[in-house]
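Report on the structure
Each chain, written out:
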Amino acid sequence: MPVGLFRVCLLVITAIVNHPLFFPKENGTVPENTEEIIQKMKEREESLRLEQLRLEQEIADQEATQKALEKAAVVVEESKEEKVRWDMWTALSMVIFLLIELWRQDFQEGNWQDIGGEEDDMAILGKAFKGVALPDKAVLASFYEKRILGTTGDMARMREMVEGFADDLLEALRSVCNRDADMEVEDCMGVGSMYENWRVRKPFVCDLIVPFAPPEPYCFRCQTWCSGDSFPPDEQGYGTIKVCRADEDVTGCICDKTKLGEDMLCLLHSQVSSTRPSSEMEDLLCFKNTQYLDADQVMKWFQIAVTKAWNRISHKYEFDLSFSLLDSPGALKIKFKSGKSIAFNLTPVVQYENSDVYFISHFPRSSLAADIPSSTHWFLTFAVYERRFIQLVSKTLPANACHVSCLQILSFLHGKQCSLSGPSGLTNYHLKTVLLHLLQARPSQDWAPEKLEARLQDMLKFLEKCLHEKKLYHFFIGNGKVPAELGFPIIFQRAEPLNLFRPFVLRRDIYRKMVDTFHKMLRNMSALINEYTVHIPLAHTNGIRKEPL
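Residues numbered from 1 in each chain as written. Predicted model: local features only at pLDDT ≥ 70, side-chain atom pairs only at ≥ 80, totals over all residues. Heavy atoms only, no water.

Topic: the nonpolar core
The cut-off we apply is this: We call a set of buried residues a nonpolar core when its members are Ala, Val, Leu, Ile, Met, Phe, Trp, Tyr or Cys and they connect through side-chain atoms within 4.5 Å of each other. Each residue is assigned to one of three classes by its accessible area relative to the maximum for its type, calculated with a 1.4 Å probe on protein chains only: buried under 20%, partly exposed between the two thresholds, exposed over 50%.
Among the nonpolar cores identified, the biggest contains 113 residues, and Leu169, Leu293, Phe344 and Leu346 are the most heavily contacted of them. The next biggest cluster of nonpolar side chains, apart from the first, holds ten residues, and it includes Val191, Ile209, Tyr238 and Phe363.

Structure below.
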């Protein structure tokens, strides 16, 4: 207790002693320190105000920057949405364009051969049919029986005789050729109208093609206009044939494409194998200083070889053999002692790969290859496939179908008109192409024998349409609907359609002559048919119902 009181008293005394009123002099400087503190506080306040202004400015700048970024983001987002919409429209436009292009190509490759409907197409195709009265079925039947069948009965015997003689001639040709240096000749094949049974005009001429191959160790490397390399438009339908060694890789080494120099040697090929004397290549019937097969050299070699072969076997036959045309080295004529003669064409060809498409050196009696770019360019013929297609389709047609009759009548009328008004650019091959298109477009029952008149009109209308548009497409090239049974090479099915009338687009004089000849044939058709038709009683004619046109 005393201790506690002592502590309290000591605390009171200490508080009294430390009271500021007891020491006035020591606290005399308080007012001066207060003014200094106030001044410092004002300076500090000013600095804080400036710092506040600076921070507010930074915050405002940051807010402005943020707003600008947000605005830019909005603009970018809107531009993205606009770009997406634009891309969608662009993609949609491209899809529409591609669909239109595909439709156009499909129309070119398939629907262009459609005759368009039934007989009401006449008014669309032009004025050629207006005022033209085609003979009825009775007149056509009489004309066909009297003029066509009466002149084609001996074709089978002629084919048999020509084929037998050609086989004997080629066998003799093989015996006179040097097997180590000359070309190797294979068996011949019959193509064309004589072997498709629709040739009507005399003299009857058999067309035979003879495949040949180079001697070992050489081989042919064929290149077509649709094989991927660029060919000018005027060279479509052509190809080149390169003579190479069988062990030579024509694409793997460039030693034969560039000049290596005298002090350089190809490590893949020796100097002996890479350097071919020009005389060696000329012996292989190549164009001068090239490895490409020369059609002119081939025809000269073939003509000489045929002459040697005939000299060897001429004693076996009682007739003479001669070349009938100077511009067609393969055109041969058999002359009997009685004065009669038989003409046939023996044309060398080169097989394209393992197909029945052939490179042909020239076309006898044809203007299809009249303007060959050079003698190293060979035209392709699809004659074997054309014959097979007709045979294949004929199996599905009614008995005594009228498809061959239509082609025979049209070929006869065109030939007669050309004999009256002069030749034109239109050929029998064009007429056959029209028939091939219609055989594919028309159902089988439309080719019944009683529908000869209607199908003949279809051919004439289709031909007029092609003449008007200056477009008659090759039947096989670019035609994706070729029957698979034929085994036709897919490379030609995928190629662009080949317009057979393209040469006439630039040669307007020939085109006008061709159109005039066609129109004259239409006008003279009834007169030409009646000239070779026996008189038909009126009652018989009226008793036959005429098929509506």
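Focus: the packing of helix α10 (residues 403-421) against helix α11 (residues 428-441)
To keep things clear, this is the line we draw: Helix axes are fitted only over the stretch in contact, all axes being lines through C-alpha atoms; the angle between N-to-C directions runs from 0 to 180 degrees. Per the convention used, a helix needs a DSSP run of H or I reaching at least four residues, while a strand needs a run of E reaching at least two, with both numbered from the N terminus. Orientation categories follow fixed angle ranges, with anything under 35 degrees roughly parallel, anything over 145 roughly antiparallel, 65 to 115 roughly perpendicular, and all other angles oblique. Two helices that cross are described as forming a left-handed crossing if the nearer one is turned anticlockwise from the farther one by less than a right angle, and a right-handed crossing if clockwise. A contact between two residues is defined here by any heavy atoms of the two lying within 4.5 Å.
Close contact between α10 and α11 brings their axes to 10 Å; oriented N to C, the two are set at 155°. Between α10 and α11, the angle falls in the class roughly antiparallel. Here α10 and α11 pass one another in a crossing that is right-handed. For the pair α10 and α11, the contacting residues are His403, Leu407, Leu410, Ser411 and His414 in the first and Asn428, Leu431, Lys432, Leu435 and Leu439 in the second.

Topic: the packing of aromatic side chains
Rules: Each Phe, Tyr or Trp ring (for Trp, its six-membered ring) is paired with any other whose centre lies within 6.5 Å, and the angle between the two planes then decides the class: stacked below 30 degrees, edge-to-face above 60, tilted in between.
According to the stated counting rule, one finds 27 aromatic pairs in the structure shown. Aromatic pair phenylalanine 165 and tryptophan 310: ring centres 5.9 Å apart, planes at 70°, arrangement edge-to-face. Here phenylalanine 165, found in helix α4 (residues 155-176), pairs with tryptophan 310, found in helix α8 (residues 295-313); they are 145 residues apart in sequence, far enough to count as distant. Take tryptophan 310: its relative accessible area is 11%, and that puts it in the buried class. Residues phenylalanine 475 and phenylalanine 476 carry aromatic rings whose centres are separated by 5.0 Å and whose planes lie at 80° to one another, so their mutual orientation is edge-to-face.

A few points about α11
This is how it is decided: Working rule for helices: expected span equals 1.5 Å times residues minus one.
Its 14 residues give α11 an end-to-end C-alpha distance of 20 Å, which sits within 8% of 20 Å, the value for a rise of 1.5 Å per residue. Of all the residues in α11, the buried ones are His430, Leu431, Lys432, Thr433, Val434, Leu435, Leu436, His437, Leu438 and Leu439. The secondary structure elements touched by the buried residues of α11 are α5 (193-196), α9 (383-394), α10, α12 (452-469) and α14 (502-506).

As for α4
With 22 residues, α4 should reach 32 Å at 1.5 Å per residue; the first-to-last C-alpha distance of 31 Å fits that figure. Those residues of α4 not exposed but buried are Met155, Met158, Arg159, Val162, Phe165, Ala166, Asp168, Leu169, Leu170, Ala172, Leu173 and Arg174.

Brief notes about the confidence of the model for the protein
Selection criterion: pLDDT measures how confident the predictor is about each residue, on a scale from 0 to 100.
For the protein, mean pLDDT is 79; residues scoring 70 or higher make up 74% of the total. Here residues 25-30 is modelled with pLDDT under 50, and outside its nearest four sequence neighbours on either side it reaches one contact, counting other chains as well. A low-confidence stretch, residues 269-277 (pLDDT under 50), is modelled with eight contacts involving residues beyond four sequence positions or located in other chains.

Looking at the pairing of strand β8 (residues 341-351)
The following threshold applies: Pairing between strands is defined by DSSP: at least two bridges between the two strands are required.
Taken across its eleven residues, β8 has nine buried, putting it largely inside the fold. Both strand β3 (residues 205-213) and β8 contribute to a ladder of seven bridges, which runs parallel. Within β8, the residue paired with valine 210 across the bridge is proline 348. The pairing of strand β7 (residues 331-336) with β8 spans five bridges and is classified as antiparallel. In the sheet register, leucine 332 faces β8, and the bridge partner there is phenylalanine 344. What sits between the antiparallel neighbours β8 and strand β9 (residues 358-360) is a turn of six residues, in which glutamate 353 has the positive phi angle 50°.

Quick notes on the pattern of salt bridges
Going by this rule: We define a salt bridge as a contact between a side-chain nitrogen of Lys or Arg and a carboxyl oxygen of Asp or Glu at a distance within 4 Å.
The tally for this structure, following the rule as stated, stands at 16 salt bridges. With its nearest N and O atoms 3.2 Å apart, the salt bridge here joins lysine 432 to glutamate 196. In this pair, lysine 432 sits in helix α11 while glutamate 196 sits in helix α5, placing the two residues 236 residues apart along the sequence. There is no split in this pair, since lysine 432 and glutamate 196 are both buried. Note that lysine 461 is salt-bridged to aspartate 458, the shortest N-O span being 3.9 Å. A residue pair is termed a helical-turn pair when its members lie 3 or 4 positions apart in one helix, as lysine 461 and aspartate 458 do in helix α12 at three residues. The network of salt bridges with common partners includes Arg442, Asp446, Lys451, Arg455, Asp458 and Lys461.

Details of the side chain of arginine 455
Convention followed: Identification of polar contacts relies on pairs of N or O atoms within 3.5 Å, with a donor-acceptor requirement for protein atoms, meaning one able to donate a hydrogen and the other able to accept it, and with residues adjacent in sequence counted only if both atoms are side-chain atoms.
Along the chain, arginine 455 turns up in helix α12. A distance of 2.7 Å separates a polar atom in the side chain of arginine 455 from the backbone oxygen of aspartate 446.

Focus on the UniProt feature "coiled-coil region" (unreviewed entry) in the protein
The cut-off we apply is this: UniProt positions are given in the numbering used here, feature names are shortened, and annotations may be inferred rather than shown by experiment.
When the UniProt feature table is mapped to this numbering, "coiled-coil region" (unreviewed entry) covers residues 38-72. Across residues 38-72 one finds 100% helix and 0% strand; the C-alpha atoms that close the span lie 50 Å apart.

Details of the packing of α9 against α11
Rule in force here: Three classes are used: nonpolar for Ala, Val, Leu, Ile, Met, Phe, Trp, Tyr, Cys and Pro, charged for Asp, Glu, Lys and Arg, and polar for all others, with Gly counted as polar.
At their nearest, the axes of α9 and α11 sit 11 Å apart, and the two run at 40° to each other. In terms of axis orientation, α9 runs oblique to α11. Relative to α11, α9 is oriented so that their crossing is left-handed. Of the residues in α11, those touching α9 at Glu386, Phe389, Ile390 and Val393 are Tyr429, Lys432, Leu436, Leu439 and Gln440. Broken down by class, the residue content of the contact of α9 with α11 amounts to six nonpolar, one polar and two charged.

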